[in-house]
Amino acid sequence: MSPRTLTGWRKSSHSHFEENACVEIGAGPGVVGVRDTKQPVPRPVLVYSATAFTAFLDHLTAGR
């Protein structure tokens with residue numbers, strides 16, 4: 001899947017807007033993209049399966 005087909009980009013609530021240090025996620029059919037707004041346009045995008053991204057989030061929140 002091309003990163004250009006990902007939509008609904010959202011910034012992390014932990015990003016530092018004033019420093020232009022934002023991490024964003026976008027979604028496509030069965031995939032999630034992650035990009036860093038500090039990178040020049042066109043920004044590189046890491047693309048993960050939705051299953052892998054959900055497992056990653058579950059791992060992060062398991063210790064709470």
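What you see as residue numbers is a count from 1 along each chain, following the sequence as written. Predicted model: local features are reported for residues with pLDDT of at least 70 only, side-chain atom pairs are reported and counted for 80 or more only, and whole-chain, interface and lining totals are derived from all residues. Excluding hydrogens and water, the side-chain values take into account all heavy atoms of the structure.

Asks: Could you clarify how one ought to interpret the pairing of strand β3 (residues 31-36) in this entry?
Replies: In the case of a regular strand, side chains alternate between the two sheet surfaces. As paired elements, strand β2 (residues 23-28) and β3 share six bridges and run antiparallel to each other. Pairing of glutamate 24 across the sheet is with arginine 35, part of β3. For two strands to be treated as a pair, DSSP must find at least two bridges joining them. To qualify as a helix, a DSSP run of H or I must reach at least 4 residues; to qualify as a strand, a run of E must reach at least 2; elements of each kind are numbered from the N terminus. As consecutive antiparallel partners, β2 and β3 are separated by two residues, and within that stretch glycine 30 has a phi angle of approximately 80°, a positive value. As paired strands, β3 and strand β4 (residues 45-49) are joined by five bridges and run antiparallel to one another. Opposite arginine 35, over in β4, you have valine 45 as the bridge partner.

Asks: Can you help me understand unusual backbone geometry in this one?
Replies: Across the chain, the bulk of peptide bonds are trans and the bulk of non-glycine residues have phi less than zero. Omega for the peptide link from valine 41 to proline 42 comes to 0°, which places this bond in the cis form. Residue position: proline 42 is located in the loop between β3 and β4.

Asks: What exactly am I supposed to notice about the pattern of salt bridges here?
Replies: Close approach of charged atoms allows side chains with opposite charge to pair. By salt bridge we mean one thing: a side-chain nitrogen of Lys or Arg within 4 Å of a carboxyl oxygen of Asp or Glu. Counted by the stated rule, this structure contains two salt bridges. Between arginine 35 and glutamate 24 there is a salt bridge, with the nearest N and O atoms lying 2.7 Å from each other. Residue arginine 35 is located in strand β3, and its partner glutamate 24 is located in strand β2; the two are separated by eleven residues in the primary sequence. Here lysine 38 and aspartate 36 are joined by a salt bridge, their closest N and O atoms 3.9 Å apart.

Asks: Please explain the packing of aromatic side chains as it appears in this structure.
Replies: Geometrically, a pair of aromatic rings is defined through the distance of the ring centres and the angle of the planes. Each pair of aromatic rings taken from Phe, Tyr and Trp, with Trp reduced to its six-membered ring, is defined by centres within 6.5 Å and is described as stacked if the planes are under 30 degrees apart, edge-to-face if over 60, and tilted in the remaining cases. Summed over the entire model, instances satisfying the criterion amount to one aromatic pair. Between phenylalanine 53 and phenylalanine 56, the aromatic rings sit 6.2 Å apart at their centres with planes inclined by 45°, giving tilted as the arrangement. In this pair, phenylalanine 53 and phenylalanine 56 both sit in helix α1 (residues 50-61), three residues apart, roughly one turn of the helix. In this structure phenylalanine 53 comes out as buried when scored by relative accessible area, which is 12%. Here arginine 35 stacks its cationic end above the ring of tryptophan 9, 3.8 Å away from the centre of that ring. Remark: exposure states derive from per-residue accessible area (1.4 Å probe, protein chains only) relative to the maximum for the residue type, with buried under 20%, exposed over 50%, and partly exposed in between. For a ring to carry a charge above it, either NZ of a lysine or CZ of an arginine must fall within 6 Å of the ring centroid while also lying within 35 degrees of the normal to the ring plane.

Asks: Just checking my understanding: could you explain the sheet that holds β2 for this structure?
Replies: Paired through their backbone hydrogen bonds, the strands of a sheet run either parallel or antiparallel. Pairing is antiparallel across the open sheet formed by four strands, whose spatial order is β1-β2-β3-β4. Two strands in the sheet have a free side with no partner beyond their single neighbour: β1 (7-11) and β4. Averaged over all neighbouring strand pairs, the angle between strand axes comes to 25°, with direction disregarded. Residues count as neighbours in contact if any of their non-hydrogen atoms are within 4.5 Å of one another. To obtain each axis, a line is fitted to C-alpha atoms, and for helices this fit is confined to the stretch in contact; angles are then taken between N-to-C directions over 0 to 180 degrees. Helix-sheet contacts for α1 involve β2, β3 and β4, and the interaxial angle to β4 is about 95°.

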